Amino acid sequence: MWPCYPHCHWLSHTTPCGPSHAGHIGLPRSPDGSLPAQAFATIIPRVSQVDNSSDFLGNVPHRRHPGVLHLRSVQLPAELVKAAQLLVEQSTVHGLKDQVVSLTNYLWSRKRPLEASELQRRGQQLEQQLREKVHPRTADASSSLTDAEEEKLQRRVLNRLRKTTYHWEALRYTDELSLVYLAARLDGGFAAVSRAFHEIQKRAPAFAPRTLLDFGSGTGSVSWAAHGAWGQTLCEYLCVDNSAPMLALAERLLQGGSESPRAPLFPGVYFRQFLPVSPKVKFDLVVSAFSLNELPSLAERRETIRTLWRKTDGFLVLVENGTKEGHQMLMEAREIILGGGDKVAHDPREAHVFAPCPHHLPCPRLNPKQPLPCNYLQAYNPLPFCWNPALKEELFSFLILRRGPGAGEEPWPRITQAVLGRAQHVHCHLCCADGSLQHAVITARRHGRDLYRCARRSHWGDRLPVTMPHGETVLGE
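An account of the accompanying structure is given in this report. In this numbering scheme, every chain counts its residues from 1 along its sequence in written order. The model is predicted, so local features are restricted to residues of pLDDT at least 70 and side-chain atom pairs to those at 80 or more, both for listing and for counting; the totals for chains, interfaces and linings are taken over all residues. As a rule here, side-chain values cover all heavy atoms of the structure and leave hydrogens and water aside.

1. Here we look at the overall build of the protein chain
Turning to step 1, where the next piece is worked out: Under the scheme used here, helices are H or I runs from DSSP no shorter than 4 residues and strands are E runs no shorter than 2 residues, and both carry numbers assigned from the N terminus. Helix and strand counts for the protein chain come out as twelve helices and 13 strands.
Turning to step 2, where the next piece is worked out: Between buried and exposed lies partly exposed: a residue is buried under 20% and exposed over 50% of the maximum accessible area for its type, with that area taken using a 1.4 Å probe on protein chains only. Split into buried and exposed, the 477 residues of the protein chain put 50% on the buried side.
Turning to step 3, where the next piece is worked out: Computed with a 1.4 Å probe, the accessible areas rest on the Shrake-Rupley method; for each residue, only the protein chains presented here act as cover. Counting only carbon and sulfur atoms, one obtains 52% of the accessible surface of the protein chain, whose full area is about 23600 Å².

Okay, structure coming up:
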């Protein structure tokens, strides 16, 4: 899953005034074939340095600089692991390992349902192409075809559409499929949500939610992660899922996996199949994890996203697979919320993108020619089943929006790929506050010892503390 890092590839994603590929031509190379640090420093000649005028780092070591947000490894609560093991041991599901692999692959490759208008457009385009092959000179004259030829053409169009169009189906979580989902996705989903919650804890330490709404709650991993993060203040966890078997499974997990009703491992958790109707019911923290693709149309996704935002009093957290589909659904939600248009203004506070974007501009990774997902890796210790290794990594995309302005928050760029440390220089791929992607090559001599060491200690998903006197982020001349 780790992407490769050719030196010239990311320069095509810099701003129009940025450096070009010509900067690499004719430069001397080191014995191993790589370009020297001085060569890269000429491509991006200046990176703004960490502002230490007000004791920016203080006594904090560089490996713990204020932009560090990654987690080394996520460990599931021991009670949750024990309950999951008990449920799997008690199950009568045959071939559980094979079903886990099959469901995992299916969920990872799943796409959004195709809209009727898009299907119609594809059909018309395909029909036009096939007509031109049959009668190139009279492609627009449908009367030139006989009834038999017309019928044959329509069958070819339908057959081609069936083969080339993704067929979306709603998943019906039975008792058996719910258990397979638990074995396949409980730990990875917990890790991704924990990483998103950690960002809020680190950057907004004063946030102490009392109420949580989990849309598409599934096995309840969001409630477990939220309890681990804010268990001292959270007193209400509302889990909403349209699958009754999934809700029953989540409740059994909360009771330690026991078949007989027992006191929950932590109180205040409620289960429902529908969202609260009243617009006045709001929650400090609203979460939707791996659920947007379960909605059958763009119209329903829009309505659901608007409803979730109306019920958000503090933070809205959206998490999806780290695929192009997952990222595009999050950007779709981002556009819907930032665009406003809510007919009933229940809350006048505006939306602010808290993470991962350092800006409110269009995502620079959604390049029409070569769209790339904005995703992140989180290591975790999986459930101790025989088919799981000791350590796994979850590749996910996330979006956190906050009620109210983001005043006082540093517009630091986000590191969007693994940091590559080389001899006397560091490669960082950054999403910047001006809405651009930049490939910064940082050296201690040109950019300062503090910034160089901070960059070298940073990881994929961290923010690089690059500041200017007026708060602007600059990565080039």
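2. Quick notes on helix α8 (residues 244-254)
Turning to step 1, where the next piece is worked out: Within α8, burial applies to Met-246, Leu-247, Leu-249, Ala-250, Leu-253 and Leu-254. Buried residues of α8 fall within an arc of 160 degrees about the axis and therefore sit on the same side.
Turning to step 2, where the next piece is worked out: The inward-facing, buried residues of α8 abut α2 (78-90), α6 (175-203), α7 (221-230), β3 (236-240) and β4 (269-272).
Turning to step 3, where the next piece is worked out: Throughout this description, a polar contact denotes any pair of N or O atoms lying within 3.5 Å of each other; where both atoms belong to protein, one of them has to be capable of donating a hydrogen while the other can accept it, and for residues adjacent in sequence the pair is counted only when both atoms sit in side chains. Where α8 begins, the side chain of Ser-243 points an oxygen toward the backbone nitrogen of Met-246, at a separation of 3.2 Å.
Turning to step 4, where the next piece is worked out: The first or second residue beyond α8 is Gly-256, which carries a positive phi of 85 degrees. The directions from the helix axis to the C-beta atoms form the arc being described. Contact criterion: two residues are considered in contact whenever any of their non-hydrogen atoms come within 4.5 Å of each other.

3. Thoughts on the packing of helix α3 (residues 96-109) against α6
Turning to step 1, where the next piece is worked out: For helices, the fitted axis covers only the stretch in contact; all axes are lines through C-alpha atoms, and the angles between them, taken along N-to-C directions, range from 0 to 180 degrees. One way to put it is that α3 packs onto α6 with a least axis distance of 9 Å and a crossing angle of 75 degrees. As the angle between them shows, α3 and α6 are arranged roughly perpendicular. Where α3 abuts α6, its residues Leu-96, Gln-99, Val-100, Leu-103, Thr-104 and Leu-107 lie against Glu-176, Leu-177, Val-180, Tyr-181, Ala-183, Ala-184 and Arg-185. Small angles under 35 degrees read as roughly parallel and large ones over 145 as roughly antiparallel, with 65 to 115 read as roughly perpendicular and the rest as oblique.

4. Let's talk about α3
Turning to step 1, where the next piece is worked out: Along its 14 residues, α3 runs 20 Å from first to last C-alpha, staying within 8% of the 20 Å computed at 1.5 Å per residue.
Turning to step 2, where the next piece is worked out: Taken residue by residue, α3 has Leu-96, Val-100, Leu-103 and Leu-107 as its buried positions. Buried positions in α3, seen along its axis, are confined to an arc of 75 degrees and lie on one side of it.
Turning to step 3, where the next piece is worked out: Elements in contact with the buried residues of α3: α2, α6 and β6 (312-321). The span you would expect from a helix comes to 1.5 Å times its residue count less one.

5. A short note on the pairing of β4
Turning to step 1, where the next piece is worked out: Any two strands between which DSSP finds at least two bridges are classified as paired. Strand direction decides the pairing type here: β3 and β4, joined by four bridges, are parallel. Within β4, the residue paired with Leu-238 across the bridge is Tyr-270.
Turning to step 2, where the next piece is worked out: A crossover connection joins β3 to the parallel β4 through α8; in handedness this β-α-β unit is right-handed. With the strands aimed away from the viewer, a crossover counts as right-handed if its path from the first strand over the helix to the second runs clockwise.

6. Quick word on the layout of surface pockets
Turning to step 1, where the next piece is worked out: A cavity, in this analysis, means grid points on a 1 Å lattice covering only the protein atoms where a 1.4 Å probe fits yet has no way out; a pocket is instead an open set bounded by protein on both sides within 12 Å along at least five of seven lines, and a residue lines either one if it has an atom within 4 Å of a point. Grid points are joined across faces, edges and corners, and a volume is the space filled by probe spheres set on the points. Considered as a void within the structure, the largest pocket measures approximately 960 Å³ in volume.
Turning to step 2, where the next piece is worked out: Taken together, 41 residues make up the lining of the largest pocket; nearest its centre are Gly-216, Asp-241, Asn-242, Ser-291 and Glu-294.
Turning to step 3, where the next piece is worked out: Elements supplying a minimum of two residues to the lining of the largest pocket: α6, β2 (211-215), α7, α9 (298-310), β6 and α10 (324-339).
Turning to step 4, where the next piece is worked out: For the lining of the largest pocket, the element with the highest residue contribution is α9, accounting for four residues.
Turning to step 5, where the next piece is worked out: Only Asp, Glu, Lys and Arg are considered charged, only Ala, Val, Leu, Ile, Met, Phe, Trp, Tyr, Cys and Pro nonpolar, and every remaining residue, Gly among them, polar. By residue class, the composition of the lining of the largest pocket is 15 nonpolar, 16 polar and ten charged.
Turning to step 6, where the next piece is worked out: Here the second largest pocket is characterised by a volume of approximately 410 Å³.
Turning to step 7, where the next piece is worked out: Lining the second largest pocket are 20 residues, with Thr-104, Arg-185, Tyr-380, Lys-392 and Glu-394 sitting closest to its centre.
Turning to step 8, where the next piece is worked out: For the lining of the second largest pocket, the secondary structure elements donating two or more residues are α3, α6 and β9 (392-403).
Turning to step 9, where the next piece is worked out: For the lining of the second largest pocket, the element with the highest residue contribution is α3, accounting for seven residues.

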